[in-house]
Amino acid sequence: LTGTTRTMLQFISMVLGMAGGLSVVAAENPACRLSPSTLPRFKYETMYGWHSELANFTPQSQSGSVETIVQFHNETGRPGILEIQAIFFQDIKPTHPTLRGLMLRPTAMADWRALLPTLVPLIKRKIIIGFMLGDELVWNNISWVDLNATAAAIKEDCPEPFLFYNEGGAPLWGNYNVNHMHTEYPSIPPAVDFVSTDDYDSMNTGGYNASQIKRNSNAIYQYQRFLYPKMLPHQRVFVVPPVFNVTFPDCHGPGECKSSEDGLPMDCPLLQTNAALDDCILNQTIEYLRWIDTDEKIVGIDAFHLGTYSAHDPGLVDLPKSLACYATLAAQLLEAR
């Protein structure tokens, strides 16, 4: 075994509560590995809510802190993705109390350009390899015009790192935002390299009901029907598998709710224990990996969410089988570098 593989197997052993590398080799789930033919295009595995104490097994860090990314690089030799949403966008409510979501920060470009002398050397050294512009931006009240202009300015200043963001589903399939205002979404902005959308409906259902767009749909359908047509030829996608139970306002955690937002169950609804949820999320994760193997547009995974937010909202860190699956995938990606 190489050093990287041995380290990852030790991590998987710790997660599963086993002792000794040999038992880990026997326990590793081969379904948690991608096809070798997928590896030339699939390079990225990280987590929403990434932090080094919990996700030091990932091939890339993801943080809003430059210091955290540098520390991770110094400890592991691996690069990071810098989250920059807080530089460009702020909560809209203090300025417009009746609205929800985000607005452009008045000092965004000045603050960004003040940070460039710190970022440029890290980019040249491949310590920062990408920027995560934000989460559900048009859904959260940012206009497509402002999103496009912001992305273009970032790419003009820093052409080498990839630029990535996640979008909510409703602006893509329903042309409205969190304030139920009409949105325009002609394309993914040209300066963007990678995009994702988080849709947690069941991977085990199919079909499409035009009168109720999301009903009986799944993540694959959401990407292929609503995201891919808005992409330009150079753009690729990350997928965002769920590694939690449910996070709707009245629907937090095992046994806490009866249905998902639109009245349909998620893949893992109403599970009474974390162990049952773990088994369900593991199955869901493996289904995502098989999708990745068959879809040439997918280059990365940014699972949601890593940490446990509360006793009723468990994340990947409290799902040991699923966590071991992600560690297995990370080991494979690191070996393929």
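Please refer to the structure higher up on the page.
This structure is a prediction, so every number in the text was calculated from the model and none was measured. (Residues numbered from 1 in each chain as written. Predicted model: local features only at pLDDT ≥ 70, side-chain atom pairs only at ≥ 80, totals over all residues. Heavy atoms only, no water.)

Student: Even after reading the chapter, I still don't get the nonpolar core, so can you show me in this structure?
Tutor: A general trend in soluble globular proteins is that nonpolar side chains are found buried together. Residues W112, F131 and L133 are the most contacted members of the largest nonpolar core, which totals 85 residues. The dominant element in this core, judged by the number of residues it contributes, is helix α10 (residues 274-294), at eight residues. (Core = buried A, V, L, I, M, F, W, Y, C linked by side-chain atoms within 4.5 Å. Buried < 20%, exposed > 50% of the residue type's maximum accessible area, 1.4 Å probe, protein only. Helix = DSSP H or I, 4+ residues; strand = E, 2+ residues; numbered from the N terminus.)

Student: What am I meant to see in the packing of aromatic side chains here?
Tutor: Two descriptors summarise a pair of aromatic rings, namely the distance from one centre to the other and the angle between the planes of the rings. Counting across every chain of the model gives 19 aromatic pairs. Ring centres of W112 and F131 lie 5.4 Å apart, and the angle between their planes is 80°; on these two criteria the pair is classed as edge-to-face. A residue pair is termed long-range when its members are at least 10 positions apart, and W112 in helix α6 (residues 108-124) and F131 in strand β6 (residues 128-135) qualify at 19 residues. Assessed through its relative accessible area of 0%, W112 is described here as buried. Exposure remark for F131: the relative accessible area of 1% places this residue in the buried category. Where Y221 meets F226, the ring centres are 6.2 Å apart and the plane angle is 80°; that geometry is what we call edge-to-face. Residue classification places F226 among the buried residues on the basis of a relative accessible area of 7%. An aromatic cluster is defined as three or more aromatic residues linked by ring pairs; in this entry it consists of Y44, F162, F164, F194 and F238. Note that K297 overlies the ring of Y228, its terminal NZ or CZ placed 5.4 Å from the centroid. (Phe/Tyr/Trp six-rings, centres within 6.5 Å; stacked < 30°, edge-to-face > 60°. Lys NZ or Arg CZ within 6 Å of the ring centre and 35° of its normal.)

Student: Just to check I follow, could you spell out the side chain of E167 for this structure?
Tutor: Inspection of the secondary structure puts E167 in strand β7 (residues 162-167). As a buried residue without a salt bridge, E167 has its nearest oppositely charged side chain in K230, at a separation of 10 Å. One polar contact links the side chain of E167 to the main-chain amide nitrogen of V138, over a distance of 3.0 Å. Apart from residues lying up to four places away in sequence, E167 is in contact with E136, L137, V138, W139, L172, Y185, S196, T197 and D198. (Lys, Arg positive; Asp, Glu negative; His and termini not counted. Salt bridge = Lys/Arg side-chain N within 4 Å of Asp/Glu carboxyl O. Polar contact = N/O pair within 3.5 Å; in protein donor to acceptor, adjacent residues only side chain to side chain. Contact = heavy atoms within 4.5 Å.)

Student: Quick question: what am I supposed to make of the layout of surface pockets here?
Tutor: By volume, the second largest pocket is sized at about 190 Å³. Forming the boundary of the second largest pocket are L39, P40, F42, K43, P59, Q60, P79, I129, L333, L334, A336 and R337. Looking at the lining of the second largest pocket residue by residue, the class counts come to nine nonpolar, one polar and two charged. (1 Å grid on protein atoms, 1.4 Å probe; cavity = no way out; pocket = protein on both sides within 12 Å on 5 of 7 lines; lining within 4 Å. Points joined across faces, edges and corners; volume = space filled by probe spheres on them. Nonpolar A, V, L, I, M, F, W, Y, C, P; charged D, E, K, R; others polar.)

Student: Honestly, the environment of E67 in this entry has me stumped. Any pointers?
Tutor: Within the element layout of this structure, E67 appears in helix α4 (residues 66-76). Judged by its relative accessible area of 60%, E67 is exposed. Engagement of the side chain of E67 in a polar contact is seen with the side chain of S65, the distance being 3.3 Å.

Student: Just to check I follow, could you spell out the environment of V120 for this structure?
Tutor: Within the fold, V120 resides in helix α6. Of the residues examined, V120 reaches a relative accessible area of 33% and is grouped as partly exposed.

Student: I keep staring at the packing of α6 against helix α7 (residues 144-157) and nothing clicks. Help me out?
Tutor: Any two packed helices are characterised by the angle at which their axes cross and by the distance between the axes. α7 packs onto α6 with a crossing angle of 20° between their chain directions and a minimal axis gap of 12 Å. Taken together, the axes of α6 and α7 lie roughly parallel to each other. Where α6 crosses over α7, the handedness of that crossing is right-handed. Residues M109, W112, R113 and L116 of α6 form the contact with α7, whose own contacting residues are A153, I154 and D157. Counted by class, the contact of α6 with α7 contains five nonpolar, no polar and two charged residues. (Axes fitted to C-alpha atoms, helices over the stretch in contact; angles between N-to-C directions. Parallel < 35°, antiparallel > 145°, perpendicular 65-115°, else oblique. Left-handed = near helix turned anticlockwise from the far one by under 90°.)

Student: Sorry if this is basic, but what is going on with the side chain of S61 here?
Tutor: Along the chain, the position of S61 falls in strand β2 (residues 61-63). Classification of S61 by relative accessible area gives buried; the value is 0%.

Student: I'm lost on unusual backbone geometry in this one. Help?
Tutor: Negative phi characterises most residues that are not glycine, and trans characterises most peptide bonds. Cis geometry is adopted by the peptide bond preceding H305, which originates at F304 and carries an omega value of 0°. The residue H305 is located in the loop between β12 (298-303) and α11 (320-336) in this model. A positive phi is found at E136, a non-glycine position, where the angle reads about 55°. One can find E136 in the loop between β6 and α7. The exposure class of E136 is buried, given its relative accessible area of 18%. Positive phi, close to 85°, is recorded for N141, a residue that is not glycine.

Student: Can you walk me through α7 in this structure?
Tutor: Owing to its 3.6 residues per turn, the α-helix aligns residues three or four sequence positions apart on the same side. Taking 1.5 Å of rise per residue, the 14 residues of α7 would be expected to cover 20 Å, and the 20 Å separating its terminal C-alpha atoms lies within 8% of that figure. Among the residues of α7, those classed as buried are W144, L147, T150, A151, A153, I154 and K155. In the core, the buried residues of α7 are packed alongside α5 (85-88), β4 (89-91), β5 (102-104), α6, β6 and β7. (Expected span 1.5 Å × (residues − 1).)

Student: Teacher, can you tell me more about the pairing of β6 here?
Tutor: Moving residue by residue along a regular strand, the side chains alternate between the two faces of the sheet. Burial runs high along β6: six of the eight residues are buried. Pairing of strand β3 (residues 80-83) with β6, which is carried by four bridges, proceeds in the parallel orientation. Bridging from a neighbouring strand, E83 pairs with M132 of β6. One ladder, built from four bridges, connects β6 with β7; its direction is parallel. Paired with F131 across the bridge in β7 is L163. (Pairing = 2+ DSSP bridges.)

Honestly, that's just the spatial picture; any functional story needs more than this.
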